[in-house]
Amino acid sequence: MNSFRLINTLQDFKDFARNWKTKEFSFDTEFTSLSFMKQRLIGMSMYNPDEGDPVFIQFNFEDTYTTKDKDPNGGRKKVDVVHNYIKSDAINFEDAKPYLLELFDNAECVCANAKVEWKIFFKYGISNWRIKDDVNLMSYLLNVDTPNGLKDNAKTELNADMPSYEETVGQKPGNINWNVVDWYEYGKYGARDAWATWELRQKFEPRIAEFKALEKCYRGLEIPLTYEVATSEMAGVEIDVNY
């Protein structure tokens, strides 16, 4: 990926949405936590080469992080202090939602991890799209003995060195001080994920098609099951507390 577009104002997003034509594209989301219940959407990236460079769309969000500070009561040990972070200079998701619903209406989407993308977009009220391909799943079906993550595949298949999330934010995930994050580099990270997802699908799709039984399993079993697994994970399991 040579360049990308960062969209962080509502007007720029409206213009982008009006000009976007295709109903098949890759997309990837960034969020605050791996825990579904705690996740807050930070931004999303989209790519189809017919639409130009990959884009990263930045949303407003809130999160907390913890630091070790002096004990205000004079104790010798440092104590955990929780800080609130509010990003307010980007796009409010609810303002963008009507345009996202139109962009995703009957869209066929290519994801790196479709289950994760389906869950967070369902949480935010956007479930009018279909999973076309899941490149991590495709990679696994083609070779179960090799690493199947997006960045591993980008290295081996696209000769692309992609920085890790930790390298991008300069901190360990799980307790991030967003005040010190470089949002341009963060956007580039997200856009690169969407680009790699699309390009890897172009590599894997013909290989899957060479094996009719494998293609039937992938299209007829694995992709449909993604929705079911995602739905069961969101619903959770009821526990008899008294028992």
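Residues numbered from 1 in each chain as written. Predicted model: local features only at pLDDT ≥ 70, side-chain atom pairs only at ≥ 80, totals over all residues. Heavy atoms only, no water.

## Details of the pairing of strand S3 (residues 41–47)
Phase 1 of the analysis: Burial analysis of S3 places seven of its seven residues in the buried class, which makes it a mostly covered element.
Phase 2 of the analysis: Both strand S2 (residues 24–31) and S3 contribute to a ladder of six bridges, which runs antiparallel. Looking across to S3, one finds that Asp 28 is bridged to Ser 45.
Phase 3 of the analysis: Summarising the sheet, S3 and strand S4 (residues 55–58) pair through four bridges and their orientation is antiparallel. (Buried < 20%, exposed > 50% of the residue type's maximum accessible area, 1.4 Å probe, protein only. Helix = DSSP H or I, 4+ residues; strand = E, 2+ residues; numbered from the N terminus. Pairing = 2+ DSSP bridges.)

## Some words on unusual backbone geometry
Phase 1 of the analysis: Despite not being glycine, Asn 106 has its phi angle at roughly 60°, a positive value.
Phase 2 of the analysis: If you trace the backbone, Asn 106 turns up in the loop between helix H2 (93–104) and strand S7 (108–111).
Phase 3 of the analysis: Here Asn 106 falls in the partly exposed class, since its relative accessible area comes to 46%.
Phase 4 of the analysis: We note that Asn 159 has phi near 55°; this positive angle belongs to a residue other than glycine.
Phase 5 of the analysis: Counting through the fold element by element, Asn 159 comes out in the loop between helix H5 (150–158) and helix H6 (165–169).

## Description of the packing of aromatic side chains
Phase 1 of the analysis: Enumeration according to the criterion identifies 26 aromatic pairs in this entry.
Phase 2 of the analysis: Between Phe 61 and Trp 183, the ring centres sit 6.0 Å apart and the planes meet at 70°, which makes this aromatic pair edge-to-face. Remark: Trp 183 occurs in helix H7 (residues 183–209) and Phe 61 occurs in strand S5 (residues 61–69); sequence separation between them is 122 residues.
Phase 3 of the analysis: Summarising the aromatic geometry, the rings of Trp 118 and Tyr 227 are spaced 4.9 Å apart at their centres and angled 90° between planes, so their arrangement reads as edge-to-face. One end of the pair, Trp 118, is in helix H3 (residues 114–123); the other, Tyr 227, is in helix H8 (residues 212–235), with 109 residues separating them in the sequence.
Phase 4 of the analysis: Pairwise contacts between aromatic rings join Phe 13, Phe 16, Trp 20, Phe 25, Phe 27, Tyr 99, Phe 104, Trp 118, Phe 121, Trp 129 and Tyr 227 into one cluster. (Phe/Tyr/Trp six-rings, centres within 6.5 Å; stacked < 30°, edge-to-face > 60°.)

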